[in-house]
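Here's the letter readout for the chains.
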Amino acid sequence: MDGQGGSSGLAKSAAVKLSEMGQRTKQLGTAMRDPHRQRRIILVIVCVALLLDNMLYMVIVPIIPDYLADLESEQSEHVHVVLHPNTSAANSTSQDKSNKNNLDVQIGVLFASKAILQLIVNPLSGTFIDRVGYDIPLLIGLTVMFVSTCIFAFAENYATLFVARSLQGLGSAFADTSGLAMIADKYTEEAERTRALGIALAFISFGSLVAPPFGGILYEFVGKRVPFIALACICLADGILLLTVIKPFSNRTRENMPVGTPIYRLMIDPYIAVVAGALTVCNIPLAFLEPTIANWMESTMHSSQWEMGLTWLPAFVPHVFGVYITVKLAAQHPHLQWFYGAVGMVIIGASSCTVPACKTFGQLIAPLCGICFGIALVDTALLPTLAFLVDMRHSSVYGSIYAIADISYSVAYAMGPIVAGQIVHNLGFVQLNLGMGLVNVLYAPALLLLRNVCQMKPSHSERDNLLEEAPQGLYDTIKMEERRAKKKGYSSAGNCLSVDENGFDPFRAQRSLSEESSGPEFT
C-alpha cells in the first residue's frame, strides 16, 4: 500500500510539473506573439548578427598577418632549399624583402575583399530584401557567415582564406542590410527608432573594438581555430533563435507586399546622397588608420605588440557615450539631427589632424577616442534619418535604403587596406591624416541641406494617424493599400492618399498640407 501510495504521489507530482511546464510554454508563446516583446527579441537577434559580422571583420587583424607570414616563410624556405641551395646571404635578404612586399599586398587584398564583394552585392541584396521581406535575407546572411567562419577555422592556405573572407562579404550584404532595415521597420516612432539603431551601433562598435584582443589572445594561447569556432557557435545560436522567434518560412501573403522604390532612384535623391556621402567620409579615417597605424606606432614610438593590439580598445567607451548622448539629444531636439552629424564630422576632422602629433601611446588614445566619438554622432544621427527620408519621400520599405548605407561603409573599408598604404608610402602618414581631417571638416556644411527635412519631422508617426490599430512595421503599407481600395482613396480625415509608381506613400498627403505652411521643399 505504501509503495502504491508513493508511486501515486510521484505520478501526481510529475503531472503537476508537466502542467506547469505546459502553462509556461503557453505563456512564452503568448509573449512571442506580443508585437512589443517580439520586436525586442528581434532587436537582440539583429544586434548579435551585427556583433558577429564586425567581430569576424576585425578578429583576423592580429591572426592572419602572422599566420600568413608563417606559411610564407615555410614555403620560401622549402623552395629556397630545393631550388637554390647555394644562394648568397645578400640574395637571400633581397628575396626576403620581396616576399615581405608581396605578403603586404596579399594581406591588403584579403582584408579588402570582404568590403569589395559587399559593395558589389549590396545593390542586388537591397532589391531582394525589398521583394521578400527582412527575415529570410537575415537568415541567408547568418547561414553564409556561419559557413565562412567555419572555413576560416580550418583554412590552411591563402586561397581558402580569400574565399572565406569573400563569403563573409556576401553574408554581410544580406545580414547587415536586412538587420538594419528590420529595426527601422519594427520601430516606427522616430525616438524609438533612433534608440534602437543606437543600440545596434553600440554592438557594431563593441564587435569591431573587442575582436582584435579577443582574437589575438586566443590565437596566442590556443591556436587559430578556436576564435572562429567560438564565433561560429554564436552565429549558429543566433540563427536558431531567428528560426524560433520570427519563423521566416511560415505562410504569409508575400505577393501583397508593397513595392519598394528602386535603389537607383534612391541614390539620386539629393537628401539621401548627402547622407550617404557623410557616412562614407566619416568612416574614412577609421578605415584608413586601421591598416596603417600599427606600422607607424612601431616606427615612431617603438610600441610593443600589446600596445598595437589594444590601440582601438579604449575608443569603445567614447563611442558608446556618443551613441547615448545623440539618442538623448535627438529625443529632445529631433530637428537638429543634421547638426549633430555636422558636429561629429568636425570632431573627426580635428582628431584625425592631431594623430601624427602624438609621441606616446597615452597621447594617441585621445585623438582615436575623438574619431570614434565623432563617428558615433554621425552614424546615430543619420541612420534614422535615412529611414525617415524613405518614409516621407518614397515607399516605406527599407531594404534598398540600408543597402545604400552599407555601400557607403563598404566604399571606405574597400579603399582603406589598399589605398591607405600607398598614400603613406608616397606622401607620408602626416599627409594622410591631414587630408582625411580636411575632407571631414569641408563636408560638414553639406549637412545643412538636411535642415529643412529634419524640421518636418513629426512628434508622432504619421502611420498612427492613418491606421486605427498600432503600426506593425512593413505590413503597415499593405494595410493602408487595403484601406485605400475600400475607401476609394480617402483617409478617415478625408485627405486623399495618392498612389505612385513606387507603391503607396502615406506621407504624401501630409507633405502636401505642410508645403502650404512651410513653403516649397528642396527636391
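- If you check an unreviewed UniProt entry, the chain appears there as Vesicular acetylcholine transporter-B from Solea senegalensis.
- Per its UniProt entry, the chain bears the Subcellular location (unreviewed entry) comment "Membrane".
- On record in UniProt, under Sequence similarities (unreviewed entry), the comment for the chain is "Belongs to the major facilitator superfamily. Vesicular transporter family."

### Comments concerning the overall build of the chain
Point 1. The helix and strand tally for the chain stands at 21 helices and two strands.
Point 2. Going through the 523 residues of the chain one by one, you find that 50% of them count as buried.
Point 3. Long-range contacts, defined here as pairs at least 24 residues apart, represent 83% of the contacts in the chain between residues at least 6 apart.
Point 4. For the chain, the exposed area adds up to about 23,900 Å²; of that, 64% sits on carbon and sulfur atoms.

### Details of the confidence of the model for the chain
Point 1. Within the chain, residue pLDDT values average 78, and 72% of them lie at 70 or more.
Point 2. Element-level mean pLDDT values for the chain span from 39 in strand S2 (residues 503–504) up to 95 in helix H17 (residues 429–443).
Point 3. Here residues 457–472 scores under 50 on pLDDT; set against residues more than four positions off or in separate chains, the count is 39 contacts.

### Notes on the environment of Phe 162
Point 1. Tracing the backbone shows Phe 162 in helix H6 (residues 158–186).
Point 2. For Phe 162 and Ile 107, which are 55 residues apart along the polypeptide, the C-alpha to C-alpha distance reads 9.7 Å.

### Details of the packing of H6 against helix H7 (residues 190–222)
Point 1. As a packed pair, H6 and H7 sit with axes 9 Å apart at the nearest point and diverge in direction by 155°. By the angle between their directions, the pair H6 and H7 is classed as roughly antiparallel. The handedness of the crossing between H6 and H7 is right-handed. On the side of H6, the interface is formed by Leu 180, Ile 183 and Ala 184, while H7 contributes Arg 193, Ala 196, Leu 197 and Ala 200.
Point 2. Of the residues belonging to the contact of H6 with H7, the class tally is six nonpolar, no polar and one charged.

### Overview of helix H13 (residues 316–332)
Point 1. Over its 17 residues, H13 extends 25 Å from the first C-alpha to the last, a length consistent with the 24 Å expected when each residue adds 1.5 Å.
Point 2. Buried residues of H13: Pro 318, His 319, Gly 322, Val 323, Thr 326, Val 327 and Ala 330, and no others.
Point 3. Its buried side turned inward, H13 meets H7, helix H14 (337–354) and helix H15 (361–393).

### What to know about the nonpolar core
Point 1. Formed by 124 residues in total, the largest nonpolar core has its most connected members in Ile 64, Leu 138, Leu 279, Leu 383, Tyr 398, Ile 401 and Tyr 402.
Point 2. Leave out the neighbours within four places in its chain, and Ile 64 touches Leu 110, Phe 111, Phe 152 and Leu 161.

### Notes on empty space enclosed by the protein
Here the idea is plain: a probe the size of a water molecule rolls over the atoms and shows the empty space left.
Point 1. Here the structure, examined in full by the defined rule, presents two cavities of 30 Å³ or more.
Point 2. Lining of the largest cavity is provided by 27 residues; of these, Asn 54, Ile 204, Ser 208, Tyr 409 and Tyr 413 occupy positions nearest its centre.
Point 3. Those elements that place two or more of their residues in the lining of the largest cavity are helix H2 (35–59), helix H4 (89–132), H6, H7, helix H10 (270–289), H15 and helix H16 (399–426).
Point 4. Its residues placed into classes, the lining of the largest cavity shows 14 nonpolar, seven polar and six charged.

### A look at the packing of aromatic side chains
Point 1. Taken as a whole, this structure holds eight aromatic pairs when the rule is applied.
Point 2. Taking the centre distance of 5.6 Å and the plane angle of 85° together, the rings of Tyr 57 and Tyr 413 count as edge-to-face. Placement of Tyr 57 in helix H2 and of Tyr 413 in helix H16 is noted, with a sequence separation of 356 residues between them.
Point 3. With 4.6 Å between their ring centres and 15° between their planes, Trp 296 and Phe 429 make a pair best called stacked.

### Focus on the pattern of salt bridges
Point 1. Under the counting rule described, the total for this entry stands at six salt bridges.
Point 2. One salt bridge in this structure joins Arg 39 and Glu 192, with 3.1 Å as the shortest N-O distance. One end of the pair, Arg 39, is in helix H2; the other, Glu 192, is in helix H7, with 153 residues separating them in the sequence.
Point 3. Under the relative-accessibility criterion, Glu 192 is labelled partly exposed at 27%.
Point 4. For Arg 193, the salt bridge is made with Glu 190, and the minimal N-O distance between the two is 3.4 Å.

### Let's talk about the packing of helix H5 (residues 135–154) against H6
To describe two helices that pack against each other, one gives the angle between their axes and the distance between the axes.
Point 1. H6 packs onto H5 with a crossing angle of 155° between their chain directions and a minimal axis gap of 7 Å. Classified by the angle between their axes, H5 and H6 sit roughly antiparallel to one another. Between H5 and H6 the crossing geometry is left-handed. Facing H5, whose interface residues are Asp 135, Pro 137, Leu 138, Ile 140, Gly 141, Leu 142, Val 144, Met 145, Val 147, Ser 148, Ile 151 and Phe 152, H6 presents Thr 160, Leu 161, Ala 164, Arg 165, Leu 167, Gln 168, Leu 170, Gly 171, Phe 174, Ala 175, Ser 178 and Met 182.
Point 2. Its residues assigned to classes, the contact of H5 with H6 shows 16 nonpolar, six polar and two charged.

### Side note on a nonpolar patch on the surface
Point 1. Together, Ile 116, Ile 120, Met 415, Ile 418 and Val 419 make up a nonpolar patch on the protein surface, roughly 380 Å² of accessible area in all.
Point 2. The element that contributes the greatest number of residues to the nonpolar patch is H16, accounting for three residues.
Point 3. Assignment of secondary structure puts Ile 116 in helix H4.
Point 4. Given the relative accessible area of 34%, Ile 116 is considered partly exposed.

### Some thoughts on the side chain of Asp 238
Point 1. Along the chain, the position of Asp 238 falls in helix H8 (residues 225–245).
Point 2. One buried charged side chain, Asp 238, makes no salt bridge at all; its nearest oppositely charged neighbour is Lys 114, positioned 15 Å away.
Point 3. Excluding residues within four positions of it along the chain, Asp 238 makes contact with Ile 45, Val 48, Ala 49 and Leu 142.

### Thoughts on the environment of Thr 160
Point 1. The topology assignment puts Thr 160 in helix H6.
Point 2. Leave out the neighbours within four places in its chain, and Thr 160 touches Ile 151 and Ala 155.

Rules of the game
- Residues numbered from 1 in each chain as written.
- Predicted model: local features only at pLDDT ≥ 70, side-chain atom pairs only at ≥ 80, totals over all residues.
- Heavy atoms only, no water.
- UniProt positions renumbered as here; feature names shortened; annotations may be inferred.
- Helix = DSSP H or I, 4+ residues; strand = E, 2+ residues; numbered from the N terminus.
- Buried < 20%, exposed > 50% of the residue type's maximum accessible area, 1.4 Å probe, protein only.
- Contact = heavy atoms within 4.5 Å.
- Areas by Shrake-Rupley, 256 points an atom, 1.4 Å probe, with all protein chains shown as cover.
- pLDDT = per-residue confidence, 0-100.
- Axes fitted to C-alpha atoms, helices over the stretch in contact; angles between N-to-C directions.
- Parallel < 35°, antiparallel > 145°, perpendicular 65-115°, else oblique.
- Left-handed = near helix turned anticlockwise from the far one by under 90°.
- Nonpolar A, V, L, I, M, F, W, Y, C, P; charged D, E, K, R; others polar.
- Expected span 1.5 Å × (residues − 1).
- Core = buried A, V, L, I, M, F, W, Y, C linked by side-chain atoms within 4.5 Å.
- 1 Å grid on protein atoms, 1.4 Å probe; cavity = no way out; pocket = protein on both sides within 12 Å on 5 of 7 lines; lining within 4 Å.
- Points joined across faces, edges and corners; volume = space filled by probe spheres on them.
- Phe/Tyr/Trp six-rings, centres within 6.5 Å; stacked < 30°, edge-to-face > 60°.
- Salt bridge = Lys/Arg side-chain N within 4 Å of Asp/Glu carboxyl O.
- Patch = residues over 30% accessible without salt bridge, like charges linked within 9 Å, V, L, I, M, F, W, Y side chains within 5 Å.
- Lys, Arg positive; Asp, Glu negative; His and termini not counted.

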